[in-house]
Amino acid sequence: MHRQTLLKLLNSYQPQDEADAWQRDRIRAFVECNPQCFERSLLEGHVTGSCWLLNAAEDSLLMTHHRKLGRWMQLGGHADGETDVLKVALKEAVEESGISNVTALMPEIFDVDVHEIPARGEVPAHYHYDIRFALLAPEGARFEVSEESNQLAWVRFEDF
């Protein structure tokens, strides 16, 4: 039962192309086959919640240079048992940016992605089944770099 909300969101998600549909279908199959899909302890992989955090003008995204992975990416993280992935994305946006009053532009999934996370210490290589939402920062929002990041930056859409 705890997976039904995510499965419903995945079923209503409209892929942009064949590759996107493949990603969605792969996530759906993973969720259907793994009752512990929201738990980090599921070592083959787990569901994560991420966001494309837009500024109030909706012309830039907040990106993080991730400390452990050493690359620029969107904000997000582990569900750690939380089955409401939008709630996960909102929590991660606030924790990783220091920006409060972040809101969802829409309750539906904005994007999906499956990506491999390399082995690190005792944790073997595994997959993140990432569910992404479009979120909005309030006017005048100022970010703070958290321990999870080397750096944060607003990146204009035209610079992608």
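Above: the structure in question.
Analysis parameters
Residues numbered from 1 in each chain as written. Predicted model: local features only at pLDDT ≥ 70, side-chain atom pairs only at ≥ 80, totals over all residues. Heavy atoms only, no water. Helix = DSSP H or I, 4+ residues; strand = E, 2+ residues; numbered from the N terminus. Rg over C-alpha atoms; globule rule 2.2 N^0.38 Å. Buried < 20%, exposed > 50% of the residue type's maximum accessible area, 1.4 Å probe, protein only. Contact = heavy atoms within 4.5 Å. Areas by Shrake-Rupley, 256 points an atom, 1.4 Å probe, with all protein chains shown as cover.

Undergrad: Explain the overall build of the protein chain here, please?
TA: A tally of regular secondary structure across the protein chain gives three helices and eight strands. The linear arrangement of helices and strands in the protein chain, starting from the amino end, is α-α-β-β-β-β-α-β-β-β-β. Since a compact globule built from 160 residues should have a radius of gyration of about 15 Å, the 15 Å found for the protein chain is in line with a globular shape. On the principal axes, the C-alpha backbone points of the protein chain span a range of 45 × 40 × 25 Å. Among the 160 residues that make up the protein chain, the fraction classed as buried is 47%. Once local pairs closer than 6 in sequence are excluded, the contacts in the protein chain between residues at least 24 apart make up 68%. Accessible surface, the protein chain as shown: approximately 8700 Å² in total, 50% of it carbon and sulfur.

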